[in-house]
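Report on the structure
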Amino acid sequence: MLNSSDATRAAPPTERPLRIVHVVDSLEFGGLERVVVDLAIAQKHAGHQVQVFSINATAGFRPNLESADIRVVVGDKQGTLDRRVLKSLRATTAQADVVHAHNFVPNYYAALATVFQRGRKVQICTCHDMGTRLSNRRLRWLFRWSLSRTRRVAMVGQQVCDRFIEMGMVDPRRAVTVLNGIPVQRFRNSPERKERARGQLGLPATSPVIGCVGRLVGLKNHALLLTQMPRLLQTHPDLMLVIVGDGPLHDQLLDQVQSLGIARHVMLLGARTDVADLLPAFDVFALPSQTEGLSIALLEACATGLAVVASRVGGNPEIIHDGQTGRLIEANDAQSLLHGLTELLDDPVARARFGAAACDWVTAHASIDALRRAYDDCYIQALNG
């Protein structure tokens, strides 16, 4: 098993532009999709020929790719296994050197589409989370079969890598750990950016603000965060909570806000494309998830220099080192969440210290350029192996 630094030492530099096809479920707004878009654009700028194939009908980040002159092919999947999508994917990947699938359904679609293709190409899979969806027996079987045709399996963090190897899903000889990366310069904070962000959201300049970015689904645990607001308001009466993201629990969370009597202190912004411009409005970033891979939202918050309270799950401890770059709490622990948020709201010096250290860590370890180089090495190793 290799990590990204091992791959960098072992693999030769890319000698020619590669023809790369990324395969995703969709390009709707989310952390996985964000990193694929940023990676594809970085690869395009580095001279590679890049296309993105979305299995499902999609909008979301599609304009970002097309504005960077990256072709997007949409399969518009209907039903469980759509032969039209497989035919379209087969045509899209016919001349590829690398077919890079992201998570489980894209990997078995890519394997089926390329199974009889001629030419020298390799399939790479990135596992972006801890694999909770693989409790579905059919999906697990199809994904396991597809891994037999996958030259390298990249995991976005060490915890993810350990999980898939312990499950017996991934052969350690094909496993590589490649930390997610972000365009860190896009998230650099400043007093001017903070003022603009607060003005854009209509937030008072002096109110403490907790922010959270993530899809409104149960595993993100927004409900736990909302339950702490009445107690936090007892000591910080002008506190605001801003939640960025959309999803099936929107109405349920809105009902919870109303029932708790905190509507004046909570903003549910829905999905946004300008997260980098909104993050500077926050003082503290909260991520009380029940599970994570290597969270893009968390990396972005750190790059903005925000103090973080995050649950000790998945790849979060690889980013947040408790007492150094933020605070870690146990998942579903309401008292620890309350204590962590209170500590950082009460201590601006600690907020600044944690935020600066987190920003330094992301810059050193999780930039989009580092991610692009790591995948270049991964591709070359697979093609040469």
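What comes next concerns the included structure. Just so it is clear, the structure is predicted and the values come from calculations on it, not from any experiment.

Let's talk about the overall build of the protein
Each helix and strand in the protein was counted, giving 17 helices and 14 strands. Taken against the 2.2 N^0.38 rule, which gives 21 Å for 385 residues, the C-alpha radius of gyration of the protein at 21 Å falls within 12% of a compact globule. Taking the principal axes of its C-alpha atoms as reference, the protein extends roughly 65 × 45 × 40 Å. In the protein, which comprises 385 residues, the share counted as buried stands at 56%. Summarising the internal contacts of the protein: among those between residues at least 6 apart in sequence, 73% fall at separations of at least 24. For the protein, the exposed area adds up to about 16,100 Å²; of that, 49% sits on carbon and sulfur atoms. One way to put it: in the protein the 43 positive side-chain charges average out to a point 10 Å from where the 37 negative ones average out.

A short note on the side chain of Asn103
Position of Asn103 among the secondary structure elements: in the loop between strand 5 (98-102) and helix 5 (104-114). Within polar-contact distance, the side chain of Asn103 engages the side chain of Asp129 at 3.2 Å. When residues no more than four places from it in sequence are discounted, the contact partners of Asn103 are Leu32, Cys125, Thr126, Cys127, His128, Asp129 and Phe143.

Brief notes about the layout of surface pockets
Considering only enclosed or pocket space, the largest pocket measures out at about 1,400 Å³ in volume. Contributing elements (two or more residues each) for the lining of the largest pocket: helix 2 (31-45), helix 12 (275-278) and helix 13 (296-303). Tallied by class, the residues present in the lining of the largest pocket amount to 16 nonpolar, 17 polar and 16 charged.

A few points about helix 15 (residues 334-346)
Between its first and last C-alpha, helix 15 extends 18 Å over 13 residues, near the 18 Å set by a 1.5 Å rise per residue. Regarding helix 15, its N-cap is Asp333, as a side-chain oxygen of that residue lies 3.2 Å from the backbone nitrogen of Gln335 further along.

What about empty space enclosed by the protein?
According to the stated counting rule, one finds 1 cavity of 30 Å³ or more in the structure shown. Its volume calculated, the largest cavity comes out at about 40 Å³. If you trace the largest cavity, you find it lined by Val35, Val36, Leu39, His102, Thr126, His128, Asn180, Leu371 and Tyr375. When contributions to the lining of the largest cavity are tallied by element, the ones reaching two or more residues are helix 2 and helix 17 (368-384). Examining the composition of the lining of the largest cavity, we find that 3 residues originate from one element, helix 2, more than from any other. Across the lining of the largest cavity, the residue classes tally to 5 nonpolar, 4 polar and no charged.

Let's talk about the sheet that holds strand 11 (residues 266-270)
What holds strands together in a sheet is hydrogen bonding between their backbones, with the strands either parallel or antiparallel. If you trace the 6 strands from one edge of the open sheet to the other, you get 11-10-9-12-13-14, paired in parallel fashion. Two strands lie at the open edges of the sheet, namely strand 11 and strand 14 (327-329), each paired on one side alone. Strand-to-strand twist in this sheet, taken as the mean axis angle between neighbours without regard to direction, amounts to 20 degrees. Sheet analysis places strand 12 (residues 284-287) next to strand 13 (residues 307-311), joined by 4 bridges and oriented parallel. Its bridge partner being in strand 13, Ala286 is matched across the sheet by Val309.

Thresholds applied
For every chain, the first residue of the written sequence is number 1, and numbering continues from 1 along that sequence. A pLDDT threshold of at least 70 governs which residues receive local features in this predicted model, and a stricter bar of 80 or more applies before side-chain atom pairs are shown or counted, although totals over entire chains, interfaces and linings include all residues. Hydrogen atoms and water are omitted, and side-chain values are computed over all heavy atoms in the structure. Only DSSP runs of H or I covering at least 4 residues are called helices, and only runs of E covering at least 2 are called strands; the numbering of each starts at the N terminus. The globule rule used here is 2.2 Å times the number of residues to the 0.38 power, and the radius of gyration it is set against is calculated over C-alpha atoms. For every residue, the accessible area obtained with a 1.4 Å probe (protein chains only) is divided by the maximum for its type, and the residue is called buried under 20%, exposed over 50%, and partly exposed between those limits. By definition in these notes, contact holds between two residues if any of their heavy atoms fall within 4.5 Å. Note on areas: Shrake-Rupley, 1.4 Å probe, and residue coverage restricted to the protein chains presented here. Positive: Lys, Arg. Negative: Asp, Glu. His and the chain ends are not part of the count. Charged side chains are reduced to one point each, which is NZ for Lys, CZ for Arg, CG for Asp and CD for Glu. N or O atoms within 3.5 Å of each other form a polar contact, as long as, within protein, one can give a hydrogen and the other can take it, and as long as residues adjacent in sequence are counted only when both atoms are side-chain atoms. A 1.4 Å probe that fits into a set of points on a 1 Å grid over the protein atoms alone but cannot get out defines a cavity; an open set with protein on both sides within 12 Å along at least five of seven lines defines a pocket, and lining residues are those with an atom within 4 Å of a point. Grid points are joined across faces, edges and corners, and a volume is the space filled by probe spheres set on the points. Amino acids outside the nonpolar list (Ala, Val, Leu, Ile, Met, Phe, Trp, Tyr, Cys, Pro) and the charged list (Asp, Glu, Lys, Arg) are all regarded as polar, and Gly is one of them. Helices are assigned an expected span. That span is 1.5 Å times one less than the residue count. Two strands make a pair as long as DSSP finds a minimum of two bridges between them. Note on definitions: angles span 0 to 180 degrees between N-to-C directions of axes, and those axes are lines fitted to C-alpha atoms, for helices only across the stretch in contact.

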